[in-house]
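Structural description and commentary
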Amino acid sequence: AALTFFARLDKIEQEEQERYERVFAKLYQIARKMPEEMAFYVVAALVKTGREEIILAATNHYVFGMATYDVYYKHAEQALFEAVAHFYIPKEGEAKPELYVTLEPCSKRESGGMPPCSNIIKNAPIQLSKVIVSRIDWRNRRISGKGLQELAVEGFNIVLLENTNDSRAKIE
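Attention in this report is confined to the structure presented alongside it. (Residues numbered from 1 in each chain as written. Predicted model: local features only at pLDDT ≥ 70, side-chain atom pairs only at ≥ 80, totals over all residues. Heavy atoms only, no water.)

Remarks on the packing of aromatic side chains
By the definition in use, this model includes three aromatic pairs. Relative to Y100, the ring of Y20 has its centre 6.1 Å away and its plane inclined at 70°; by these criteria the two rings are edge-to-face. Here Y20 is found in helix α1 (residues 14-31), whereas its partner Y100 is found in strand β6 (residues 98-101), with 80 residues between them in sequence. The class of Y20 is buried, set by a relative accessible area of 0%. Ring plane angle 65° and centroid distance 5.2 Å describe the contact between F24 and Y100, whose orientation is recorded as edge-to-face. Note that F24 is positioned in helix α1 and Y100 in strand β6, a separation of 76 residues in sequence. A single burial state applies to F24 and to Y100, both of which are buried. The rings of Y20, F24, Y28 and Y100 are connected pair by pair, giving a single aromatic cluster. (Phe/Tyr/Trp six-rings, centres within 6.5 Å; stacked < 30°, edge-to-face > 60°. Helix = DSSP H or I, 4+ residues; strand = E, 2+ residues; numbered from the N terminus. Buried < 20%, exposed > 50% of the residue type's maximum accessible area, 1.4 Å probe, protein only.)

Observations concerning the environment of Q29
By the secondary structure assignment, Q29 is in helix α1. Q29 sits in the partly exposed class, given a relative accessible area of 44%.

Considering the pattern of salt bridges
Summed over all chains, the structure comprises seven salt bridges. With its nearest N and O atoms 3.2 Å apart, the salt bridge here joins K130 to E16. Of this pair, K130 sits in strand β7 (residues 130-133) while E16 is found in helix α1, placing the two residues 114 residues apart along the sequence. Exposure class is identical for K130 and E16. Each is buried. A salt bridge links K48 to E53; the shortest N-O distance between them is 3.6 Å. Residue E53 is classed as partly exposed on the basis of its relative accessible area, which comes to 35%. (Salt bridge = Lys/Arg side-chain N within 4 Å of Asp/Glu carboxyl O.)

Here's the deal with α1
Its 18 residues place the ends of α1 25 Å apart at the C-alpha level, agreeing with the 26 Å of an ideal helix rising 1.5 Å per residue. Within α1 the residues assigned to the buried category are E16, Q17, R19, Y20, V23, F24, L27 and A31. Seen from one end, α1 has its buried residues packed into an arc of 160°, which puts them on one side. (Expected span 1.5 Å × (residues − 1). Arc of directions from axis to C-beta.)

Looking at the side chain of S107
Note on placement: S107 falls in the loop between β6 and α3 (117-122). Accessibility expressed as a relative area gives 14% for S107, which makes it buried. When near neighbours in sequence (up to four residues on either side) are disregarded, S107 contacts P116, S118, I143, K146, G147 and E150. (Contact = heavy atoms within 4.5 Å.)

Some remarks on the nonpolar core
A general feature of soluble globular proteins is that nonpolar side chains tend to end up buried together. One finds L46, L80, F81, L99, I121, L128 and V131 to be the most contacted residues of the largest nonpolar core, which totals 29 residues. Elements supplying a minimum of two residues to this core: β2 (43-47), β3 (54-59), α2 (76-87), β6, α3, β7, α4 (146-153) and β8 (158-160). Ranked by residues supplied to this core, first place goes to α2 with six residues. In contact with F81, other than residues within four places in its own chain, are L46, L99, I120, I121, A124, P125, I126 and L128. Counting 13 residues, the second-largest nonpolar core is a separate cluster that includes Y20, L27, Y100 and L161. (Core = buried A, V, L, I, M, F, W, Y, C linked by side-chain atoms within 4.5 Å.)

This is the structure:
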């Protein structure tokens, strides 16, 4: 029922599923390096299309304004696309990268005046071949699934790997 908003659900090929899972295993290794104080860990990464090569990765983190004593929380997708301008220059003729995110992009930010991650992805400085998400945001049922729904409506090719052992749904 949670996935009814998507136009089509297809089976993911076993080989493709395994590649996604190997990339997410690498991203979880990055998450393990984050400070233990974080309530939860989210990693977003650009990956070469059809490969397991991570181009650029970012995590959720806090930013401290020492002069103003302000603290704000930066989501992984926001940090990733801010870094793209500094660290990623696509080569001519290179395929659009895939975006991997360990938790569904948010569709609403409760504080901080920042745009939701679904908007950040829609307005990314680069085109993406697909968005691959490890799991739905389970923390808030009111918004759970809405980030993926917004991206799907905008025409993004979405793959959701939630419950990867028994749910092999490809969302387009």
